[in-house]
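These are the residues of each chain, in order.
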Protein chains: 2
Amino acid sequence: MAATLQQSPPHRAVVEHLVRQAVYARMGKPLPKAAGAPNPLVVNISARHCHLTQAAVEILFGKGHQLQVHKWLYQEGQYAAKETLTLIGPRSRIISNLRILGPCRNLNQVELAYTDGIALGFDLPLRGSGDIQGTLGCMLMGPEGFFEMEQGVIRAMRHVHMHPTDAEFYGVKAGQQMRLKMGGACGLTLDRMLVRVDPSFKLEVHIDTDEGNACNLQPDTPCELIT
Amino acid sequence: MAATLQQSPPHRAVVEHLVRQAVYARMGKPLPKAAGAPNPLVVNISARHCHLTQAAVEILFGKGHQLQVHKWLYQEGQYAAKETLTLIGPRSRIISNLRILGPCRNLNQVELAYTDGIALGFDLPLRGSGDIQGTLGCMLMGPEGFFEMEQGVIRAMRHVHMHPTDAEFYGVKAGQQMRLKMGGACGLTLDRMLVRVDPSFKLEVHIDTDEGNACNLQPDTPCELIT
């Protein structure tokens, strides 16, 4: 019951991919390249958020506190937590309702868009997730306490999660870069998208709110991965 | 005195263009295509702003009020005014310090980024400047009064201002679309950039804050117009 309660409906890209494959099969026609991909291409906007250690969660929300699931994300086992925080930046400017993504990790990291960074007064470094050495920190405020992050405030590099079968299909390897073409009236192509490959990954591009709003990304915006 | 007070230094792109041409001439080498362009390519971010009629200015700032120059813009005769407004959106959410651009026009128009629209609760239509028929309005608040704009809140189409000699060089006509390639660690290419041509225009691309922050546009970011 708890599991179904928070279940999201399948992503539009997943349904479209299945329908497209079924229609071509029904017509007895060969699949065009994108429709023949092993997995549908899902593009999601990551709004600003943070990842925390269990220790940080307990300082902010109380001893023994466990993050609760607000909404399951597309990547297996990942979720937006019910818990949010207040971030206090270098000029005492704040961001309220900063969402925590679960489950807990072994490092603390805040991922902001450049628009957020400008509003807060951060000169955000562009980093791959987890690569936070030498970055700025911030103060986080929860209902039960303050937690001073000494480093870890970044603008995450745009990236695509891939299963090894996707990497094989697109002919790329982990650490390489691809481009993402997005259509529509405000269409654009993002360069230098980091490829991340893991057997646990589902094919999904993560862009931030600046990128999503620059092209007005909608559920029906056509998206294409380009090598 | 008043004129020099507000004068901006030449845009970096202008200086680079002159230096590049001088260096190639000194070396006695033929100019590469971009360096041979009649004018430097300037790319500027337009933060949210509004254009007002003189009648609206007087309702907001008092009878007979004239906009004052805060900073001259790159296009001849255009300026950011000292005066700013408070915009009140459909959910009573506000934007403070909305900059007015002068001189006054014969229509009232507010240009926001999609990020602003989401924050305010506007479903912004994408329009060319001046094409505001049927768009939503808003309430504007100045120190001397309120002005209800019945329509005119838009997300302006990304566009490039061109002198006819620039249009000839790039082989485009007014109303056509070009692309803008921007480099750097967050590089991207913007499609569907509207070409606007007028003998009074200097070559300049206007992108909004979402687009500028999506690619982290900096003074030294390489930019290229593509047909």
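Residues numbered from 1 in each chain as written. Chains lettered and ligands numbered in written order. Predicted model: local features only at pLDDT ≥ 70, side-chain atom pairs only at ≥ 80, totals over all residues. Heavy atoms only, no water.

1. A closer look at the interface of chain B and chain A
Interfaces are frequently sized by the accessible area removed from exposure as the parts join.
Phase 1: Tallying the contact residues gives 22 residues for chain B and 21 residues for chain A.
Phase 2: The interface formed by chain B and chain A contains two salt bridges.
Phase 3: Where Lys181 of chain B meets Asp191 of chain A, a salt bridge forms, and the shortest distance between an N and an O atom there is 3.5 Å.
Phase 4: Put simply, chain B and chain A have 19 residue pairs in polar contact (both at pLDDT 80 or more) between them.
Phase 5: Within the residue set of the side of chain B that touches chain A, elements represented by two or more residues are α4 (114-120), β12 (177-182), β13 (188-197) and α6 (209-214) of chain B. (Contact = heavy atoms within 4.5 Å. Salt bridge = Lys/Arg side-chain N within 4 Å of Asp/Glu carboxyl O. Polar contact = N/O pair within 3.5 Å; in protein donor to acceptor, adjacent residues only side chain to side chain. Helix = DSSP H or I, 4+ residues; strand = E, 2+ residues; numbered from the N terminus.)

2. A closer look at the pattern of salt bridges
Residue and element names in this part refer to chain A.
Phase 1: According to the stated counting rule, one finds 20 salt bridges over all chains in the structure shown.
Phase 2: Between Arg155 and Glu211 there is a salt bridge whose closest N-O contact spans 2.8 Å. You can see Arg155 sitting in strand β10 (residues 153-156) and its partner Glu211 sitting in helix α6 (residues 209-214), a full 56 residues away along the chain.
Phase 3: For Glu211, a relative accessible area of 1% puts it in the buried group.
Phase 4: Linked through salt bridges whose partners overlap, the residues forming this network are Arg155, Arg158, Asp208 and Glu211. (Buried < 20%, exposed > 50% of the residue type's maximum accessible area, 1.4 Å probe, protein only.)

3. Considering helix α2 (residues 12-27) of chain A
Residue and element names in this part refer to chain A.
Phase 1: For α2, spanning 16 residues, the distance from its first C-alpha to its last is 22 Å, which sits close to the expected 22 Å at 1.5 Å a residue.
Phase 2: Regarding α2, the residues found buried are Ala13, Val14 and His17. Looking straight down α2, one finds its buried side chains confined to an arc of 110°; they lie on one side.
Phase 3: Looking at the packing, one finds that the buried side of α2 touches β1 (42-46).
Phase 4: Within two residues after α2, Gly28 carries a phi angle of roughly 70°, on the positive side. (Expected span 1.5 Å × (residues − 1). Arc of directions from axis to C-beta.)

4. Things to note about the relation of the copies chain B and chain A
Phase 1: Rotating chain B by 180° and translating it 0.0 Å along the rotation axis places it on chain A, where the RMSD comes to 0.0 Å. Viewed as a symmetry operation, the transformation between the two copies matches a two-fold axis.
Phase 2: With an isologous cut-off of 70% or more, the 95% of interface residues of chain B that recur at the interface of chain A puts this contact in the isologous class. (Least-squares fit on C-alpha atoms with pLDDT ≥ 70 in both.)

5. Some remarks on the packing of aromatic side chains
Residue and element names in this part refer to chain A.
Phase 1: Taken as a whole and judged by the stated rule, the model has four aromatic pairs over all chains.
Phase 2: Ring centres of Trp72 and Tyr79 lie 5.6 Å apart, and the angle between their planes is 75°; this geometry places the pair in the edge-to-face category.
Phase 3: Ring centres of Phe169 and Tyr170 lie 4.9 Å apart, and the angle between their planes is 85°; this geometry places the pair in the edge-to-face category.
Phase 4: The positively charged end of Lys202 is found above the aromatic ring belonging to Tyr74, 4.1 Å away from the centroid. (Phe/Tyr/Trp six-rings, centres within 6.5 Å; stacked < 30°, edge-to-face > 60°. Lys NZ or Arg CZ within 6 Å of the ring centre and 35° of its normal.)

6. A word on the pairing of strand β4 (residues 79-88) of chain A
Residue and element names in this part refer to chain A.
Phase 1: Across the 10 residues that make up β4, a large majority, seven, are buried.
Phase 2: The loop that links β4 with its antiparallel partner strand β5 (residues 94-102) comprises five residues; one of these, Ser92, has a positive phi angle of about 65°.
Phase 3: As paired elements, β4 and strand β8 (residues 138-142) share three bridges and run antiparallel to each other. Its bridge partner lying in β8, Leu87 is registered against Leu140. (Pairing = 2+ DSSP bridges.)

7. Re empty space enclosed by the protein
Phase 1: Taken as a whole and judged by the stated rule, the model has one cavity of 30 Å³ or more.
Phase 2: Within this model, the largest cavity holds a volume of roughly 30 Å³.
Phase 3: Class assignment for the residues of the lining of the largest cavity results in four nonpolar, no polar and three charged. (1 Å grid on protein atoms, 1.4 Å probe; cavity = no way out; pocket = protein on both sides within 12 Å on 5 of 7 lines; lining within 4 Å. Points joined across faces, edges and corners; volume = space filled by probe spheres on them. Nonpolar A, V, L, I, M, F, W, Y, C, P; charged D, E, K, R; others polar.)

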